[in-house]
Amino acid sequence: MENKPENSNRRAFLGLFLIVVGALWIFERLDLIPSFWNDILISWQMLLIGIGIFSIIGGNKTTGTVLIVIGGFFLVPEVAHIPYELRRIGWPVLIIGIGVAILVTHSGRRNRNHPPQFDPVNNKALDYFDDFVIFGGREEYISSQNFVGGKTTSIFGGTEYDLRQAKLSANGAVIDSLALFGGCGFKVPPDWTVKNEVTAIFGAFTDKRGSSLNQIVTDPSKTLVIKGFVAFGGIEIKYL
């Protein structure tokens, strides 16, 4: 379950990202950036693009690409004049762009690796999940007896997974989570060892199992790794 070189690279890229943001902020305060570029660089659109780039570096290409598409779409009117005829079809174009981004990145990932499949007769018995929620919510009950992990993305929404009846695979499980202005919750058995590899900016990762049970005795052979990125949101581990 160890992946130290990848974790080190992600921390390095996060450090570089924060340095760039801080430098731009200093330049803005010193009036070293023209007002035109200041409005572009210091904007919520560029925040989405920056988080998207960091997500791609972290391995979540689908979410990163979608965030870049959304940020870029809303940034275009700030740098160029858009005729009224094109502005009328702006939202349909954005929806198409998001759809294309999801299809392209998902197809590429499927060609490179093949995640475990789940039983089509009993869709509750998920061994692997890949969820994307935006402006909404989702709750999943997973009873897989060979759970290996998954990916979940919450943007202005929330997801919750009940894993209390699931059993980890022999090699444990890895869940890649991204929460942007949203949250993700996991209900897990009390004896699982949960390893936090989440990068949080204006967000938090919390393990609340201690508040639900008087004593927690974790089993190192049952390890769930939670990795990913949180901005203006949170990831929560709990038992009840």
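This text goes with the structure placed above it.
This section reports on the structure supplied with the text. Predicted, not measured: the structure shown is a model, and the values here were computed from it.

Glancing now at the packing of aromatic side chains. Taken as a whole and judged by the stated rule, the model has 10 aromatic pairs. With centroids separated by 5.0 Å and ring planes inclined at 85°, the aromatic side chains of Phe-73 and Phe-74 adopt a geometry described as edge-to-face. Ring geometry for Phe-181 versus Phe-232: centroids 4.8 Å apart, planes at 5°, classification stacked. Taken as a pair, Phe-181 in the loop between β5 (173-180) and β6 (183-187) and Phe-232 in the loop between β9 (219-231) and β10 (234-238) lie far apart in primary sequence, 51 residues in all. On the basis of relative accessible area, Phe-232 is assigned to the partly exposed category, the value being 35%. Ring pairs connect the aromatic residues Trp-44, Phe-73, Phe-74 and Trp-91, which therefore count as one cluster.

The subject of this paragraph is the sheet that holds strand β2 (residues 137-141). Taken together, 5 strands build an open sheet; the order of strands is β2-β4-β6-β10-β8 and the sheet is parallel. Each edge of the sheet is formed by a strand with only one pairing partner; in this case those strands are β2 and β8 (204-207). Between one strand and the next, the sheet's axes are offset by a mean angle of 10°, whatever the strand orientation. Note that β6 and β10 share 5 bridges and pair parallel. Across the sheet, residue Cys-184 finds its bridge partner in β10, namely Ile-235.

This part takes up unusual backbone geometry. Residues other than glycine seldom take positive phi values, yet Asp-31 does so here, at roughly 55°. Tracing the sequence through the fold places Asp-31 in the loop between α1 (4-29) and α2 (35-41). A relative accessible area of 67% means that Asp-31 is categorised as exposed. Despite not being glycine, Phe-135 shows a phi value in the positive range, around 55°. Judged by relative accessible area, which is 63%, Phe-135 ranks as exposed.

Thresholds, definitions, all that
- Residues numbered from 1 in each chain as written.
- Predicted model: local features only at pLDDT ≥ 70, side-chain atom pairs only at ≥ 80, totals over all residues.
- Heavy atoms only, no water.
- Phe/Tyr/Trp six-rings, centres within 6.5 Å; stacked < 30°, edge-to-face > 60°.
- Helix = DSSP H or I, 4+ residues; strand = E, 2+ residues; numbered from the N terminus.
- Buried < 20%, exposed > 50% of the residue type's maximum accessible area, 1.4 Å probe, protein only.
- Pairing = 2+ DSSP bridges.
- Axes fitted to C-alpha atoms, helices over the stretch in contact; angles between N-to-C directions.

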